[in-house]
Each structure stands twice: as structure tokens, then as C-alpha cells.
Amino acid sequence: MRTATAVAAALALSLTSACSGDGGDDDGGASEKRTVRLPNLKGEKIQVAAVWTGPEEENFRKVLDEFEKRTGATVEFVPTGDNVATFLGSKIGGGAPPDVAMLPQVGVLRQFAEKKWLKPLDDATTQQLNKNFSKGWQDLGSHEGEQYGVYFKAANKSLMWYNTAAYAAAGVGEPKNWDTYLEDLMTISDSGVKPVSVGGADGWTLTDWFENVYLSQAGPEKYDQLAAHEIKWTDPSVKKALTTLGQLFGDDLLLSGGNEGALQTPFPESVTKTFTDFDAPEAAVVFEADFVGVNVQNDTKAEIGEDVKVFPFPRVGAKEPVVTGGDVAVGLKDSKAAKAMLTFLASTDAAGVMAEQGGFISPNKALDRAAYPNDVQREIAKALTDAGDDFRFDMSDQAPAAFGGTKGAGEWKALQDFLKNPDDVAGAQKALEASAAKAFEN
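Since this is a predicted model, take the numbers as computed values, not measurements.

About the thresholds
- Residues numbered from 1 in each chain as written.
- Predicted model: local features only at pLDDT ≥ 70, side-chain atom pairs only at ≥ 80, totals over all residues.
- Heavy atoms only, no water.
- Helix = DSSP H or I, 4+ residues; strand = E, 2+ residues; numbered from the N terminus.
- Expected span 1.5 Å × (residues − 1).
- Buried < 20%, exposed > 50% of the residue type's maximum accessible area, 1.4 Å probe, protein only.
- Core = buried A, V, L, I, M, F, W, Y, C linked by side-chain atoms within 4.5 Å.
- Domains from an automatic or database assignment.
- Contact = heavy atoms within 4.5 Å.
- Phe/Tyr/Trp six-rings, centres within 6.5 Å; stacked < 30°, edge-to-face > 60°.
- Lys NZ or Arg CZ within 6 Å of the ring centre and 35° of its normal.
- Pairing = 2+ DSSP bridges.
- Lys, Arg positive; Asp, Glu negative; His and termini not counted.
- Salt bridge = Lys/Arg side-chain N within 4 Å of Asp/Glu carboxyl O.
- Buried area = accessible area lost by both parts, 1.4 Å probe.
- Polar contact = N/O pair within 3.5 Å; in protein donor to acceptor, adjacent residues only side chain to side chain.

Participant: Any chance you could explain helix α9 (residues 203-218) here in plain terms?
Facilitator: Working note: α-helix, 3.6 residues per turn, so residues spaced by three or four point in the same direction. With 16 residues, α9 should cover 22 Å at 1.5 Å per step; its first-to-last C-alpha distance of 22 Å lies within 8% of that length. Among the 16 residues in α9, 13 count as buried, and that is most of the element. Once α9 ends, the next one or two residues include Gly 219, with phi positive near 95°.

Have a look at this one:
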């Protein structure tokens, strides 16, 4: 792996080449590396809330530390827990919201905007947004023509991370389509390794499985219709996608720990099961977004690019799916400090600090890819920014939180029940539609 010194040098180079100097406060000559001017906020306190825990939280705290250094403000990180909308709603209702919050669902942004809980972006942040982000990402942070959010963190949710030793031992490669993928998994099983690690204890991972199958098989038009609940979850296209996914979930030989084991496996453990023991791995491949890299780097001794490699989610239909997700920063207070934080988060300065830590992809198209710590993540970042506006955002994150973003309820619960009983496609469709109709109120 690259050393911290090499990463820091690459980051410094990337920010220097991207910048003509911000003229900010003196920091002993480092200002030429900066791309955005920030105000003096000495003595002010600011709260920033996000769902992140563990390594992701630790990496984000480095971004907040940089903001403190640059402005003199004191920043407190506030963990929201999985139910972000409920947590923030209670804070707002109690008259004590954080200054800035990271929302992991675009549906929550829309809900909050309709409730008039969000503050529109100021001119300085909008300038950074226009310079650094494609229209597609700007549109996702807006509602009814008003710009409210900055997508600080993106995710390519169409990736398979595999144990190179396990794949080599089984004699299989990187499949391009779903049928070959399933054939390879059976070959891996025959070699003595359980093929797939599924983090089914976290329901959001199962929504990502479904969305990739559905987008590739049903196509983008149907995907958009289902995301907006313009077609029902009892639609034949949903039946077809669940049946396809059931080819994997319904074969106990293909899942590490079987169906019950998958349901008891949290997402972080699904990664460590795949990459901790290379002599006798518990699984050969794990599906999830680019942030798998954080867990690999922090929780295993595996080296990305050698022990760990990535291939795109195998196409089920005509094209490979490109599903993205992300965390959007919004202002809940109309304060100078909140505005400055949002401007910072829209800049390459903040994105560069987070990128060098690994396991992070920015939709900021102006960020020099040298900031990323390895070639795998550079390629993932390149694919994301090169896609421009040609991607589909995570379907569950577009839905009301009651359906798409609540632990033990809605889509998360219905798909966990489906993982437990993959033969009951009709029951899964019925549960999904009942919950969606209630959440969308139609």
C-alpha cells in the first residue's frame, strides 16, 4: 500500500495544481494549496451531523479538523444513527438542530425542503457547486428549483470486490453477465470456498442488490417509474427481478453462512469475512459500493489492487448497471458558520482531505485523482465523473424514509424477509407494495 507520506505528497500536488491561490488567512505558506477562501470564525461553534461511524467517521473528522484550522471555529461531530430523518426531525422539533447535516437519502432532502427545514445555499457555495459538479449532482441537491444541498460523498454501488487468491484457486475470472457470474460462483463453491458474503443484517445492502438487478434487467425508464412509485411493486418487472435475485439467494451453497448466516451478518463483517483469512476465506466475493475500501484498509491486512480487486456488477440485461448513492450536505441554520462549512464541502479542498484517506469517492469533477490512495479507487472515481449525468441514483434513497431508509421497516424489512425465504416472490412483492403505498401516500 502507499505510505501516508506518499499519499500526502500526491494530495499536495493535486491541490497545488488545481489552485491559483485563495488569499486566505496565513498558515505559514500553505495557502497556495487552497482553492476556496473561508471566513474567520474564531470563537464560533458549529455542529455537523452524519450517519457515519467507525473508519468513515474518523476520516470525516479530518475534514472537520481542516475546517477548524482554516477558520478558527470549533466543530462538533454529531452521530445521527441509522434513522437520520427521525433523529434530525426530533432535533428540529426541539429547536436545537445541528448547523449542517449529511443526508444519506435524497428523499429526506425533499421531505425536509417541503417542511421548510432547509436553508438555500448562498452565492459562495453555489459558485463552488457550479464549478465543481455536473448538473446531475446539482439537480439531486435541489427541490422545486431551489438549491439546498452539496453532494460531498458519492458511491458507485455497482461493484463486486473479490478475493484474488480464491478466484485464482477456482480458476475463474471477472464475469460480464449474470449467468456467467452464477456459474463462476458454483465453481468457487466446488473448490471448497463459500462464494458470496451478503451483509443481510443491514437491510440497505439488499436494496442495492435489487436495484442493480432491476436497472440492468428492466431498464432506466422502468427504474425511474418504480423509484417514483408510478408503477407498483406488484408489477411483473419486479417479479422478474426478484426471481433473478432469488437464483442467488435461493441457493444455500452460494451464500457464506447460508441464508440465516447472511441475515445475521452486518455489512462490515461481510467485508472482513471475504478478506481476513487468505488461506481459508469465509467467502470469495462481496458486493457493495466503493466504501468497501475503507473496511478493507482498516479492518484487514489485504492490499487493494493485489489481494483485492473489483469488477462491475454483472449485467442481467443489455447493459451493466450504474447505480450511485451519496451523502448530501444541507444547512439547517442560516448562520455564517453553516454557510462557510457548506462552501468548504463543495470545494476540492475538503474532497481532497477525505480522498487521501481511502474508501471515499467524490462527485467533485475538479478533484485531481492523484488524491486517491490507489489505482482501484482512481478508476472507480474516473468512472463516476466520466459518467457525467448518465447514472441512476439509489432507488431506496429517493423514497420517503419510512419506505427506503428505516431499519426494520419498509423495503429493508421486506427484502430481509425475502432473503430468509427467496421462494416467496409474491409475498415479497405484496409486502413491498403495501409499505410503498403507505409511504408515498398513493
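Participant: Looking at this structure, how should I read the nonpolar core?
Facilitator: The tendency in soluble globular proteins is for nonpolar side chains to be buried side by side. Grouped together as the largest cluster of nonpolar side chains are 83 residues, with contacts concentrated most on Phe 60, Leu 103, Phe 152, Trp 161 and Met 341. With seven residues, the single largest contributor to this core is helix α15 (residues 336-345). Counting contributing residues per domain, this core is built from domain 1 (46-156 + 324-386) and domain 2 (159-321 + 399-440), each supplying no fewer than three. For Phe 152, the residues in contact, after removing those within four places along its chain, are Trp 52, Phe 60, Val 63, Met 102, Asp 327, Leu 345, Ala 350, Ala 351, Met 354, Phe 360, Ser 362 and Pro 363. Core analysis: the second largest hydrophobic core is formed by 53 residues, Trp 178, Leu 215, Ala 227 and Ala 241 among them.

Participant: Where do I start with the packing of aromatic side chains in this structure?
Facilitator: The description of two aromatic rings rests on the distance between their centres and on the angle between their planes. Scanning the model with the defined rule gives 28 aromatic pairs in all. Aromatic ring contacts, followed pair by pair, group Tyr 162, Tyr 167, Trp 178, Tyr 181, Trp 209, Phe 249, Phe 287, Phe 311, Phe 313 and Phe 418 into a single cluster. Positioned above the aromatic ring of Trp 117 is the side chain of Lys 115, whose terminal nitrogen or guanidinium carbon lies 5.3 Å from the ring centre.

Participant: When you look at the sheet that holds strand β8 (residues 196-197) in this model, what are you seeing that I'm missing?
Facilitator: Backbone hydrogen bonds are what pair the strands of a sheet, in a parallel or an antiparallel way. In spatial order, the strands read β8-β9-β7-β10; together these four strands make up an open sheet with mixed pairing. Both outer strands of the open sheet, β8 and β10 (308-312), are each paired with one neighbouring strand and no more. In the sheet, strand β7 (residues 159-163) pairs with β10 via five bridges, with the strands oriented antiparallel. When the bridges of β10 are listed, Leu 159 appears paired with Pro 312.

Participant: I keep staring at the side chain of Asp 327 and nothing clicks. Help me out?
Facilitator: Within the secondary structure layout, Asp 327 lies in strand β11 (residues 323-331). Of the side chains bearing the opposite charge, Lys 153 lies closest to the buried Asp 327, which forms no salt bridge; the N-O distance is 4.6 Å. In this structure, Asp 327 is in contact with Val 51, Trp 52, Met 102, Leu 103, Pro 104, Val 150, Tyr 151, Phe 152 and Lys 153, ignoring residues within four places of it in sequence.

Participant: Looking at this structure, I do not really get the environment of Gly 107. What am I missing?
Facilitator: Residue placement: Gly 107 occurs in helix α4 (residues 106-114). For the pair formed by Gly 107 and Ser 396, sequence separation is 289 residues and the distance between their alpha carbons is 8.4 Å.

Participant: Would you mind showing me how to read the domain arrangement of the chain here?
Facilitator: In terms of domain boundaries, the chain breaks down into domain 1 (46-156 + 324-386) and domain 2 (159-321 + 399-440). Of note, the centres of domain 1 and domain 2, computed from C-alpha atoms alone, are 27 Å apart. Contact residues are listed per partner, giving 24 residues for domain 1 and 19 residues for domain 2. When domain 1 packs against domain 2, the two sides together hide about 1,600 Å² of surface, and 58% of this comes from carbon and sulfur. One can count zero salt bridges joining domain 1 with domain 2. The tally of links from domain 1 across to domain 2 stands at two residue pairs in polar contact (both at pLDDT 80 or more). Looking at the side of domain 1 that touches domain 2, the elements with two or more residues in it are α2 (54-71), α4, β6 (149-156) and α17 (375-386).

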